[in-house]
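Listed below are the residues making up each chain.
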Amino acid sequence: IRQVMNWAREMLRRQERARRTQEARRDPVRLELLKRNLEELGIPDPKNRLAISLAYFSRDAIVEGVGIFKSLKELGTLPATADPGPYLGGIIRRVYARMELERISENCLSSASD
């Protein structure tokens, strides 16, 4: 019974995570921000697939990631063999992960000092 209960909890957790992901990807502000920047950067995005997949990440991570990508492009330090869409996606993912870890650290430190 305990295994079934744990399995059921895990399924509910996964469904909730999937729901939040779908909801985030429908955020019109994030989608528009991504579409505009992808076009400006000259990154092809047929059927908005890249924009939709990256809309999962926070607006702050998107803005910072696009800024990093633009800077690398302007400085000519983007790898010549890099596919721009996935490269931008990797930057945004890493920025988001860093922001998440920073938030977790801040919360842990504030909890420890209470």
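Residues numbered from 1 in each chain as written. Predicted model: local features only at pLDDT ≥ 70, side-chain atom pairs only at ≥ 80, totals over all residues. Heavy atoms only, no water.

(A) Molecular detail of the nonpolar core. If you look at the biggest cluster of nonpolar residues, it comprises 19 residues, and the most contacted ones within it are Leu34, Ile43, Ile62, Leu88 and Ile92. Secondary structure elements with two or more residues in this core: helix 2 (28–41), helix 3 (49–54), helix 4 (59–75) and helix 5 (84–113). Beyond its immediate sequence surroundings of up to four residues, Leu34 is in contact with Ala51, Leu54, Ala55, Ile62 and Ile92. (Core = buried A, V, L, I, M, F, W, Y, C linked by side-chain atoms within 4.5 Å. Buried < 20%, exposed > 50% of the residue type's maximum accessible area, 1.4 Å probe, protein only. Helix = DSSP H or I, 4+ residues; strand = E, 2+ residues; numbered from the N terminus. Contact = heavy atoms within 4.5 Å.)

(B) Expanded view of the confidence of the model for the chain. Overall, the prediction assigns the chain a mean pLDDT of 90, with 96% of residues at 70 or greater. Within the chain, helix 1 (residues 2–25) has the poorest average pLDDT of any element, 82, and helix 4 the best, 96. (pLDDT = per-residue confidence, 0-100.)

(C) Geometry of unusual backbone geometry. Positioned with a positive phi, Lys47 is a non-glycine residue whose angle comes to about 60 degrees. With respect to the helices, strands and loops of the structure, Lys47 is situated in the loop between helix 2 and helix 3. The exposed category is assigned to Lys47, whose relative accessible area is 66%. Of note in the backbone geometry, Asn48 takes a positive phi value of approximately 60 degrees without being a glycine. Along the chain, the position of Asn48 falls in the loop between helix 2 and helix 3.

(D) Fine view of the side chain of Asp27. Structurally, the position occupied by Asp27 is in the loop between helix 1 and helix 2. Among the polar contacts made by the side chain of Asp27, one reaches the side chain of Arg59 at a distance of 2.9 Å. (Polar contact = N/O pair within 3.5 Å; in protein donor to acceptor, adjacent residues only side chain to side chain.)

(E) Geometry of the packing of aromatic side chains. For the structure on display, the rule yields 4 aromatic pairs. Here the aromatic cluster, defined as three or more aromatic residues joined through ring pairs, consists of Tyr56, Phe57 and Tyr96. (Phe/Tyr/Trp six-rings, centres within 6.5 Å; stacked < 30°, edge-to-face > 60°.)

(F) How the structure looks around helix 5. Between its terminal C-alpha atoms helix 5 stretches 44 Å, which fits the 44 Å expected from 30 residues at 1.5 Å a residue. Those residues of helix 5 that are buried are in contact with helix 2, helix 3 and helix 4. (Expected span 1.5 Å × (residues − 1).)

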